[in-house]
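Below, each chain spelled out in residue letters.
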Number of protein chains: 2
Amino acid sequence: MPDDEFSLIEQYFSGLDAGGSVELGVGDDCAILRLETGERLVTSVDTQVDGVHFPPGTPPQHVAFRAVSAAVSDLAAMGARPLGMTLAVTLPQADAAWLALFREGLAAAVSEYSLPLVGGDTTRGPLCLSVQVMGAVPVGKAIKRSGAQVGDTLCVSGYLGDGAGGLAVLEGRWQPGHPHAAYLEQRFYRPRARVALGRQLRDYATAAIDVSDGLLADIGHMAAASGVGVRLEPDSVPLSAALLSHDNKDTALRWALAGGDDYELCFCLPGGHEPPAGAACIGEVVAGEGVDCGDDIDIVSGYQHFSASAPR
Amino acid sequence: MPDDEFSLIEQYFSGLDAGGSVELGVGDDCAILRLETGERLVTSVDTQVDGVHFPPGTPPQHVAFRAVSAAVSDLAAMGARPLGMTLAVTLPQADAAWLALFREGLAAAVSEYSLPLVGGDTTRGPLCLSVQVMGAVPVGKAIKRSGAQVGDTLCVSGYLGDGAGGLAVLEGRWQPGHPHAAYLEQRFYRPRARVALGRQLRDYATAAIDVSDGLLADIGHMAAASGVGVRLEPDSVPLSAALLSHDNKDTALRWALAGGDDYELCFCLPGGHEPPAGAACIGEVVAGEGVDCGDDIDIVSGYQHFSASAPR
């Protein structure tokens with residue numbers, strides 16, 4: 001890409017670097033960020049590729065917002081407050097109209113998460129975004145995957161399966177009635193990482209993970225890291241009114257259990273703690289290993305690779 | 001890329017996350033890193049694309065080492081100590097032999113810079129690496145581009161132009177005698193970011209930048225950020241014995257002034273400070289703007305886009 005094209009692109013990514021944690025924004029060799037005394041840095045990177053993580057033709061404002069949300073969701077799962085992010089973006093061309101919309105989504109995400117964009121790099125190629133997020137968490141307060149204890153209650157925030165349902169709508173595989181289609185598209189395009197919930201949970205949750213690969217897969221990761229098993233009650237998994245409107249209950253439940261892209265938080269609470277507002281109890285932590293879903297074989301068959309243990 | 005291919009790849013990137021700053025490595029939603037009291041976080045991202053930033057067919061161990069060095073060079077220019085990095089890598093396929101060599105270069109870089117790899121993401125596509133580096137610097141001690149003062153001495157570390165000379169050798173455009181060819185290839189493939197020098201400079205340098213775009217371009221960036229001009233003495237720019245062996249002195253000097261990819265540090269020292277060992281004085285900071293190279297017009301003609309001011 002010629003130098004002037006890069007300059008054009010960089011214009012669209014500038015001016016998003018202000019924030020209380022930013023001592024020096026974009027324009028030097030590095031940005032400088034401020035952590036408070038007694039805080040640790042937490043960091044993660046998440047890449048989204050056109051046609052793999054979102055359908056070709058996804059409106060650019062949603063491409064940007066969604067990629068940031070997916071990365072921020074990892075900060076949320078640790079209970080961190082967002083500090084800043086860098087963006088490495090590969091673009092097929094410098095299209096001003098496309099870039100203006102992309103910036104709109106990027107700016108919306110910066111604002112939504114109070115997450116300044118403090119660095120970036122642009123290269124030419126098939127559309128691809130790597131968002132690297134940095135956050136801060138008080139020493140010893142980060143919520144890890146590995147802390148689940150036998151007897152804990154397993155909880156999840158929000159509604160599960162809307163990501164997969166939204167993708168089905170966008171790909172024309174499902175036509176739900178009004179207003180469900182619009183709701184589901186929005187859930188896929190504009191997922192909201194649960195940052196406030198994560199910060200609340202760090203005072204009492206024993207373990208947490210964000211639901212990105214699919215609920216069963218992510219519970220499996222958490223169980224494996226903690227050296228425990230999980231008994232899941234599939235009927236307790238919260239479904240939105242949109243998903244409940246599906247003719248095939250098994251399809252809706254399958255999306256909720258194995259669909260991925262929900263960016264909700266799945267977490268464990270010690271006995272005596274009620275799930276916070278907007279979250280539901282969906283099972284319990286048991287001795288052993290793997291995820292036990294009971295006898296609902298048909299729902300999860302074919303999704304063994306998502307599950308830490310083969311469904312019975 | 002199928003899930004099992006990703007698992008294979010991730011094997012090659014695991015076990016590189018140990019370090020004094022690492023409280024929690026790879027395997028959770030985020031890694032956790034420790035800064036010392038009174039330190040600030042500095043961060044930058046740098047992307048390298050096959051065929052753009054390195055020639056097609058570059059041995060994978062060098063692809064990895066070089067990409068990390070390019071990113072670390074930005075930490076060096078701020079005077080930071082390395083804390084950790086994340087790597088977002090796009091690969092055309094999961095080739096075990098290729099991955100084993102890639103890991104070798106990655107591990108060498110982790111060791112060279114004491115920079116643990118604390119996060120990553122792998123996607124399928126044309127070969128491309130985004131390295132996001134995090135470092136720490138004492139409050140108020142980061143060396144910015146913007147601090148150069150009229151009267152400062154302009155200095156540069158090492159030899160300039162070896163990056164461009166090495167690329168010429170690799171592309172078959174130049175055949176220097178023994179041992180220059182091997183030296184130059186190594187300089188292109190395995191550049192060493194000047195981390196120790198950067199940390200030393202932060203006690204007295206007024207401004208610094210790493211030489212990645214080409215010396216004239218980077219001096220131009222520093223001069224513009226500082227609101228000053230620079231008078232450069234092209235004859236003072238240090239050239240390696242390899243570059244000095246070139247039949248055409250103008251070509252060698254052009255590589256040194258405009259070639260890029262050297263990853264040396266260019267910095268400004270207040271009056272009374274001698275350049276540290278391994279660095280040379282190459283000019284001075286003056287009132288005004290742009291980079292004045294004297295009357296050596298031919299050397300830099302055609303490279304105006306690299307220079308903050310058009311060469312006279």
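The name that an unreviewed UniProt entry assigns to chain A is Thiamine-monophosphate kinase, with the source organism given as Candidatus Marimicrobium litorale. Under the UniProt heading Catalytic activity (unreviewed entry), the entry covering chain A gives this text: "thiamine phosphate + ATP = thiamine diphosphate + ADP". Recorded in UniProt for chain A, the comment headed Pathway (unreviewed entry) runs: "Cofactor biosynthesis; thiamine diphosphate biosynthesis; thiamine diphosphate from thiamine phosphate: step 1/1."

Caption draft 1: Seen up close, the packing of helix α4 (residues 162–170) of chain A against helix α5 (residues 180–189) of chain A. Residue and element names in this part refer to chain A. Where α4 contacts α5, the axes come no closer than 7 Å and their chain directions differ by 115°. The pairing of α4 with α5 is recorded here as roughly perpendicular in orientation. Seen along the crossing, α4 lies across α5 with a hand that is left-handed. Note on element contacts: α5 touches α4 through Ala181, Tyr183, Leu184, Glu185, Arg187, Phe188 and Tyr189, opposite Asp162, Gly163, Gly165, Gly166, Leu167, Val169 and Leu170. For the contact of α4 with α5, a count of residues per class yields eight nonpolar, three polar and three charged.

Caption draft 2: Just the relation of the copies chain B and chain A, in detail. Mapping chain B onto chain A calls for a rotation angle of 180° and an axial translation of 0.0 Å; the resulting RMSD is 0.0 Å. Within this description, the copies of the chain are treated as partners about a two-fold rotation axis. It is Thr37(B) whose C-alpha, among those of chain B, lies nearest the rotation axis, at 3.1 Å. In this assembly, 100% of the residues forming the interface of chain B have copies in chain A that are likewise at the interface, indicating an isologous arrangement.

Caption draft 3: Representation of helix α4 (residues 162–170) of chain B. Residue and element names in this part refer to chain B. Burial runs high along α4: seven of the nine residues are buried. For α4, the secondary structure elements touched by its buried residues are α5 (180–189), α8 (241–244) and α9 (249–258). Following α4 by one or two positions, glycine 172 adopts a phi angle in the positive range, close to 75°.

Caption draft 4: A look at the UniProt feature "binding site: Mg(2+) 1" (unreviewed entry) in chain A. Summarizing the sequence annotation, UniProt attributes the feature "binding site: Mg(2+) 1" (unreviewed entry) to Asp46(A) and Asp121(A) in the numbering used throughout. The class of Asp46(A) is buried, set by a relative accessible area of 15%. The residues contacting Asp46(A), other than those within four sequence positions of it, are Ala70(A), Ala71(A), Asp74(A), Leu129(A), Ser130(A), Val131(A) and Asp121(B). By relative accessible area, Asp121(A) is classed as buried at 19%. Dropping the residues within four chain positions of it, Asp121(A) is found in contact with Leu87(A), Ala88(A), Val89(A), Val45(B), Asp46(B) and Thr47(B).

Caption draft 5: Spatial organisation of the side chain of Asp152(A). Residue and element names in this part refer to chain A. Take aspartate 152: it is sitting in the loop between β6 (128–138) and β7 (153–157). For the buried aspartate 152, which has no salt bridge, the nearest side chain bearing the opposite charge is arginine 231, at an N-O separation of 14 Å. Within the structure, the side chain of aspartate 152 is placed 2.6 Å from the side chain of threonine 206, a separation counted as a polar contact. Once residues within four sequence positions are removed from consideration, aspartate 152 is found in contact with Gly147, Thr206, Cys268, Leu269, Pro270, Glu284 and Val285.

Caption draft 6: Just unusual backbone geometry, in detail. Residues and elements named next belong to chain A. A cis amide bond, omega 0°, links histidine 178 with the succeeding residue proline 179. Mapped onto the elements, proline 179 comes out in the loop between α4 and α5. If you check the backbone angles, serine 114 has positive phi at about 50° while not being a glycine. Here serine 114 is to be found in the loop between α3 (96–113) and β5 (117–124). A relative accessible area of 53% means that serine 114 is categorised as exposed. Even without glycine at this site, tyrosine 263 takes up a positive phi of about 55°. With respect to the element layout, tyrosine 263 can be found in the loop between α9 (249–258) and β10 (265–269).

Caption draft 7: Here's a closer look at the interface of chain B and chain A. Between chain B and chain A, the contact holds 50 residues from the first and 50 residues from the second. Here chain B and chain A share an interface that buries about 3,700 Å² over both sides, 58% of which is from carbon and sulfur atoms. Considering only the surface of chain B that becomes buried against chain A, Asp29(B), Arg40(B) and Leu41(B) emerge as the three largest contributors, covering 18% of it. Across the chain B-chain A interface, the total number found is six salt bridges. A salt bridge links Asp28(B) to Arg145(A); the shortest N-O distance between them is 3.8 Å. Taken together, the links from chain B to chain A amount to 19 residue pairs in polar contact (both at pLDDT 80 or more). In terms of residues, the side of chain B that touches chain A owes the most to one element, strand β3 (residues 39–49) of chain B, which gives nine residues. Of the residues assigned to the side of chain B that touches chain A, the class counts are 24 nonpolar, 14 polar and 12 charged.

Caption draft 8: Spatial organisation of the UniProt feature "binding site: ATP" (unreviewed entry) in chain A. Mapped onto this numbering, the UniProt entry gives "binding site: ATP" (unreviewed entry) at Gly120(A), Asp121(A), Arg145(A) and Ser212(A). For the residues just named, distributed over 93 residues, the greatest C-alpha separation reaches 31.5 Å, placing them at more than one site. With respect to the helices, strands and loops of the structure, Arg145(A) is situated in the loop between β6 and β7. Other than its neighbours up to four places away in sequence, Arg145(A) contacts Ala207(A), Ala208(A), Ile209(A), His221(A), Met222(A), Ala225(A), Ser226(A), Gly27(B), Asp28(B) and Asp29(B). Relative to the assigned elements, Ser212(A) resides in the loop between β8 (207–210) and α7 (215–226). Leaving out residues up to four positions away in the same chain, Ser212(A) has contacts with Asp218(A), Gly260(A), Asp261(A) and Tyr263(A).

Caption draft 9: Representation of the pairing of strand β7 (residues 153–157) of chain B in the model. All names here are of chain B. Counting buried residues in β7 gives five out of five residues, a clear majority hidden from the surface. Judged by which residues are buried, β7 turns out to be covered on both faces: Thr153, Cys155 and Ser157 on one side and Leu154 and Val156 on the other are all buried. One ladder, built from four bridges, connects β7 with strand β10 (residues 265–269); its direction is antiparallel. Note on β10: the bridge partner recorded for leucine 154 is cysteine 268. Alignment of β7 against strand β11 (residues 279–286), held across five bridges, turns out to be antiparallel. Among the inter-strand pairings, leucine 154 is bridged to a residue of β11, identified as glycine 283.

About the thresholds
- Starting afresh in each chain, residues are numbered from 1 along the sequence in its written order.
- All chains are assigned letters beginning with A, and all ligands numbers beginning with 1, in the order in which they are written.
- At least 70 in pLDDT is required for a residue's local features to be given in this predicted model, at least 80 for side-chain atom pairs to be given and counted, and no such filter applies to totals for whole chains, interfaces and linings, which use all residues.
- Working from all heavy atoms in the structure, the side-chain values ignore hydrogens and water.
- UniProt positions are given in the numbering used here, feature names are shortened, and annotations may be inferred rather than shown by experiment.
- To get an axis, a line is fitted to the C-alpha atoms, and for a helix only the part in contact is used. The angle between two axes follows their N-to-C directions and goes from 0 to 180 degrees.
- By the criteria applied, helices consist of DSSP H or I runs no shorter than four residues and strands consist of E runs no shorter than two, each listed in order from the N terminus.
- Here roughly perpendicular refers to angles of 65 to 115 degrees, roughly parallel to angles under 35, roughly antiparallel to angles over 145, and oblique to all remaining angles.
- Here a crossing is called left-handed whenever its near helix is offset anticlockwise from the far helix by less than a right angle, and right-handed whenever the offset is clockwise.
- Pairs of residues are marked as contacts when any of their non-hydrogen atoms sit within 4.5 Å.
- Under the grouping applied here, Gly and all other residues not named as nonpolar or charged are polar, the nonpolar ones being Ala, Val, Leu, Ile, Met, Phe, Trp, Tyr, Cys and Pro and the charged ones Asp, Glu, Lys and Arg.
- The copies were overlaid with a least-squares fit restricted to C-alpha atoms from residues scoring a pLDDT of at least 70 in each copy.
- Residue burial is assigned from relative accessible area. The probe radius is 1.4 Å, only protein chains are included, and a residue is buried under 20% of its type maximum, exposed over 50%, and partly exposed in between.
- Neither His nor the chain ends is counted toward charge; the positive residues are Lys and Arg and the negative residues Asp and Glu.
- For salt bridges, the criterion is a side-chain nitrogen of Lys or Arg within 4 Å of an Asp or Glu carboxyl oxygen.
- Polar contact criterion, stated in full: a pair of N or O atoms within 3.5 Å, where within protein one must be able to donate a hydrogen and the other to accept it, and residues adjacent in sequence count only if both atoms are side-chain atoms.
- By buried area we mean the combined loss of accessible area, with a 1.4 Å probe, across both parts when two parts are placed together.
- Note: two strands are recorded as paired if DSSP finds a minimum of 2 bridges between them.

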